[in-house]
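Survey of secondary and tertiary structure
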Amino acid sequence: MTRAAAGLAAVLSLLLAGGLPLPVHAATVPAADDAASSLTTLAERSGLRQTGRYDEVIRLCDAFAQQFPQAVRCERFGTTPEGRPMLALIVSARGAFTPEAAQQLQLPVMLIQGGIHAGEIDGKDAGFIALRQALRRRDTTLQRQVLVFVPVFNVDGHERFGAWNRPNQVGPEQMGWRTTAQNFNLNRDYVKADAPEMQAMLRLIQRWDPLITVDLHVTDGAKFEHDVSITLEPLYSGDAALRDAGRALRDEIIGQLRRKGSLPLPFYPSFDVEDDPMSGFTDGVSPPRYSSGYFVQRNRFGVLVETHSWKDYATRVRVTTQTIDALLAIHARQGAAWQPLARAADARAASTLAGQPVALSYKASERSRIIEFRGYEYTRTPSTVSGALMTRYDDRKPQIWRVPLRDDVQVDRQVTAPRRGYVVPAASAALVAAKLDLHGLQYTIVDAAQSAAPVQTFRATQTRFSPQTFEGHTTLSVDGQWQNEARDIPAGSLIVPIAQPRARLLMTLLEPQSEDSLLAWGFFNGAYEPKEYLEAYVAEDIARQMLDADPALADAFQQRVASDAAFAADPQARLAFFARRAPSWDERLGLYPVYRLD
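Let me sum up the structure you'll find in this document. Along every chain, residues carry numbers that run from 1 in the direction the sequence is written. Whole-chain, interface and lining totals are the exception, using all residues; otherwise, since this is a predicted model, local features are given only for residues with pLDDT of at least 70 and side-chain atom pairs are given and counted only at 80 or more. Processing note: side-chain calculations cover all non-hydrogen atoms of the structure and skip hydrogens and water entirely.

**Remarks on the nonpolar core**
Only buried Ala, Val, Leu, Ile, Met, Phe, Trp, Tyr and Cys residues count toward a nonpolar core, and they belong to the same one when joined by side-chain atoms within 4.5 Å. Think of it in three bands: residues with accessible area under 20% of the maximum for their type are buried, residues over 50% are exposed, and the middle band is partly exposed, with areas taken using a 1.4 Å probe on protein chains only. Ranked by size, the top nonpolar core spans 127 residues in total, and within it Phe 64 and Leu 249 carry the most contacts. With 12 residues, the next largest nonpolar core counts Leu 265, Phe 271, Trp 401 and Val 403 among its residues.

**Looking at the sheet that holds strand E5 (residues 212-218)**
In spatial order, the strands read E1-E2-E4-E3-E5-E9-E6-E7; together these 8 strands make up an open sheet with mixed pairing. Only two strands of the sheet have a single neighbouring strand rather than two, namely strand E1 (72-79) and strand E7 (264-265). The criterion for strand pairing is that DSSP finds at least two bridges linking the strands in question. A run of H or I in DSSP counts as a helix once it spans at least four residues, and a run of E counts as a strand once it spans at least two, with each numbered from the N terminus. Relative to E7, strand E6 (residues 228-233) runs parallel, the two sharing 2 bridges. In the sheet register, Ser 229 faces E7, and the bridge partner there is Leu 265. The sheet contacts of helix H8 (residues 196-208) involve E1, strand E2 (85-91), strand E3 (109-113) and strand E4 (146-150), and relative to E1 the element is tilted by about 135°. The strands touched by helix H11 (residues 313-352) within the sheet are E3, E4, E5, E6 and strand E9 (301-307), with E5 carrying the most contacts at an inclination of about 170°. By definition, residues are in contact when any of their heavy atoms lie within 4.5 Å. A fitted line through C-alpha atoms represents every axis, and for helices the fit uses only the stretch in contact; the resulting angles, taken between N-to-C directions, go from 0 to 180 degrees.

**Digging into the packing of aromatic side chains**
For any pair of aromatic rings, the description consists of the separation of the ring centres together with the inter-plane angle of the planes. Working definition: a ring pair exists when centres of Phe, Tyr or Trp rings (six-membered ring for Trp) sit within 6.5 Å. Plane angles under 30 degrees give stacked, over 60 give edge-to-face, the rest tilted. Scanning the entire structure with this criterion turns up 25 aromatic pairs. Considering the side-chain rings of Phe 271 and Phe 281, the 5.5 Å spacing of their centres and the 40° angle between planes classify their relative orientation as tilted. Of the two residues, Phe 271 sits in the loop between E7 and strand E8 (281-282) while Phe 281 sits in strand E8, which places them 10 residues apart along the sequence. A centroid spacing of 6.1 Å and a plane angle of 65° characterise the contact between Trp 482 and Tyr 592, whose relative ring orientation is edge-to-face. Taken together, the positions of Trp 482 in strand E17 (residues 476-489) and Tyr 592 in the loop between helix H17 (571-579) and strand E19 (595-597) put the pair 110 residues apart, joining distant regions of the chain. Each of the two residues, Trp 482 as well as Tyr 592, counts as buried. Following the ring pairs from residue to residue traces out a cluster consisting of Phe 224, Phe 267, Phe 271, Phe 281, Phe 373, Tyr 378, Tyr 393 and Trp 401. The criterion is that NZ of a Lys, or CZ of an Arg, lies within 6 Å of the ring centre and within 35 degrees of the ring normal, and then a charge sits over that ring. If you follow Arg 160 out to its NZ or CZ, it ends over the ring of Trp 177, 3.9 Å from the centre. A cation over a ring is seen here: Arg 560 above Phe 567, with NZ or CZ 4.2 Å from the ring centre.

Spelled out as structure tokens, the structure:
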């Protein structure tokens, strides 16, 4: 290497490591030995203006395995609907290339995924850069852990390539699409698991049981100076004993990024009122449909990294590379100590949640504090296009915004866990069992039918279907409560015990008022649709017979007519008053097809 080339390589090494600020659109030219190798990316060769297509991922996955055979394996863990391979690099300097080997060596596992939204592709290029650097350092970082790196989760979306796929983002010149070929948003699919890609990912997670899972994204939103946000759980939610470790992990990532010149945030920077900077921000806990809310349900750490979309691609890749470096170092140092904490959380969930209040959702209270946020000067003036006030930023003029932050996060909804578990009657067993299997939840199958078994049932007193579909589902919310009842349990039904390590995830799936339950996603909508009916003239005759036979019912009907004008004016509602009390009424209508054993 010439002296000039060696000097350039040294400067660029400092740039990637964060020792020097990376200028806007600066070209990260690889060192000479990298340029001659097969481990560099199109992003690097283009000066971090472009990103490669998926064939580059396939090439790099094989090339890393070939050049570092003692430390890297390239594994196919799924196939997309359009037939593309889903690839993961398994990285271990101790050769722990299987979950069994990792367990035998007691090595903690970290999963890093890029491209779940394939237009937000910083994580793919940053991951390859960080991995190459870590392998060439030959330090102990990769000897004390296993890294499972998925460069692109949404592979089909990645290949829907275009220059305008992310209009709110600066670079790369072209990128992939947010959703899959089947138009699923994978970061809404962790619980319902509709997408074949998510099913493959959950099987990978089930095999490796990562202690930490890192999801690499890019924000949308306003313009400001901050370049990345780091959020994670458990912090406000999940097992209380894991929250201190979660806070320590978040704070150390942020501290390392600050020391390298970054401006990280510990909350997602989305305004409380869209397009109004002075409305401030609210912290919270994401529902488990998102990666950041899912892994805490498994008593593991879920880290969400969001670089800021208005920073150029070079800056975003640098910051993401530094974040991965920090995570590798922290996981190598702390992972062995955090593994027993996670196992203890598993044991507590299995042994202590039965019969206890368990949170289903969280929400920030109205309490707020004023923070100094590094924004830009802006104006808010009426738009001649929309007619609304429109914010216009001047990113040449940094400005400190003093804005409220609501970060007093509290339990929003909780329910008491069943003492024994759940019963899924045979008619719904196949559907539910498939979901339980994907999430690694335990159950047994009833061999012999049981008559009039004492269970708890949930009957809806009110149902609200979504007016339009969401992620391909007509969602549903219900009011009601559990009550004791005797029901037959057919052979082939499922018994799902609450005493298992992922009891919180089980309740997320099966508690009807959980916002990510199978009921909420519309898998049981048929149970809330009336099928049999009375002709009006038949209902009229039955109503008259009921009025003659039951004076108390007659009084109740007349009082309702007198006190409820809408009811009195609605012929169908008046007939329904009697139909619901007639022997022909469908007693299963509104009955949630999952019972509790208490």
